[in-house]
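Residue-level structural notes
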Amino acid sequence: MTRDGLIQHTSARPLLEIRSLSLDFGTPRGRVHALRNVSLDVPAAQVIGIVGESGSGKSTLAYTVMGLLSENADVTAGSVLFEGKDLLKMPAQARRSLLGDRLSMIFQDPMTALNPVRTIESQMIDIQHHERGSQGEKRARALEMLHRVGIPDPQSRIGAYPHHFSGGMRQRVCIAMALLVKPALLVADEPTTALDATLEVQIIHLLKDLQKEIGCSVLFVSHHLGAVAELCDRVAVMYAGEVVEEGAVRDIFHNPAHPYTRALLECDPGRIKKSTRTLPTIPGGVPNLLGSKVGCIFRPRCRHASNRCVQENPVEYRIGFDHVARCHLLDEERLVSA
Ligand code: SF4
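Reading the values: the criteria
- Residues numbered from 1 in each chain as written.
- Predicted model: local features only at pLDDT ≥ 70, side-chain atom pairs only at ≥ 80, totals over all residues.
- Heavy atoms only, no water.
- Pairing = 2+ DSSP bridges.
- Helix = DSSP H or I, 4+ residues; strand = E, 2+ residues; numbered from the N terminus.
- Axes fitted to C-alpha atoms, helices over the stretch in contact; angles between N-to-C directions.
- Buried < 20%, exposed > 50% of the residue type's maximum accessible area, 1.4 Å probe, protein only.
- Expected span 1.5 Å × (residues − 1).

As summarised here, the arrangement of the 8 strands in space is S6-S7-S8-S3-S9-S10-S12-S11, forming an open sheet in which the pairing is mixed. Each edge of the open sheet carries a strand with a single partner, namely strand S6 (103-106) and strand S11 (317-320). Recorded for the sheet is a direction-independent mean angle of 20° between the axes of neighbouring strands. Pairing analysis gives 2 bridges linking strand S10 (residues 242-248) to strand S12 (residues 323-325), with the strands arranged antiparallel. Across the sheet, residue Glu245 finds its bridge partner in S12, namely Ala325.

What follows is the structure, given as structure tokens:
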């Protein structure tokens, strides 16, 4: 375990180390505490999934890593170490030079991620600005990557504009662009949300193959548990700006410890055995994150809540070798078995 209570997954230093990160958004109604004391490691060549409902802070975390936050965002504590250097303290120029080189991103909406007035060819050549080689060599690399992501007849399609492609094909182009630079870390923010189910499966398989081929790490943000189970090595479950559980994908899916993780899994349509007209939901909603909170943030929706949950914010408890969760029940179980 590290000083923060986190588990060190390998002897090598993780590629990305998020430590005790807290972030607020200033709004006319007050400060929204969007991330609270978030710690997470992304080891080299691993795929880490972040799951949770809308409003849990998963995309905010991804955007913080990429340095793409809005102007009203304010990091109040913590660090984001990438290859040992704190991205939050890096000069803007140095940080920008990592983008499209060591760090790359796939956005949620393939309809708006590409520049609509430039051809795919010019965008794919430009993104290689860190690479050596002539225009012809960069074009050849772009063609090879378009072929790799399954764009039919890339020779004739590379000169087309984004609006000439369907949503699924556009997301393939976005994946091609993000991986063309062979990043050390790919941040994928709900890359399959805008696609239909068949395309989603294809894109997940494609991402998995390319990640193995390139050997990069991936921070994969999704609310689709099936996609996370398929693609990821480890999973962090976020709720209302906090990581409430983290572990290997098999532990999270087969031995979930936090009541929120269990509730999320119970609501996953892919895991419902009986036919039903109404899909289950977790009662209540993600809380308003204005102002300070005392006690467990999940308490109003938790059927196991006790007085302790009202007064004390749970700390992180270790459940297995590399499985942790924040819930007082785990402390109580530990005391009973001691
Ligand atoms: Fe539920 Fe209490 Fe655990 Fe929070 S700490 S998840 S309220 S039992």
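Don't stop here, the text continues.
Of all 7 residues that make up S10, 7 are buried, and the element is covered over most of its length. Here strand S9 (residues 234-239) pairs with S10 via 6 bridges, running antiparallel. The residue bridging Val235 from the neighbouring strand is Gly247, located in S10. Hairpin connection of S9 to S10: 2 residues between the antiparallel strands, including Ala240 at a positive phi of 50°.

The end-to-end C-alpha distance of helix H7 (residues 167-180) is 20 Å, a good match for the 20 Å that 14 residues give at a rise of 1.5 Å each. Among the 14 residues in H7, 13 count as buried, and that is most of the element.

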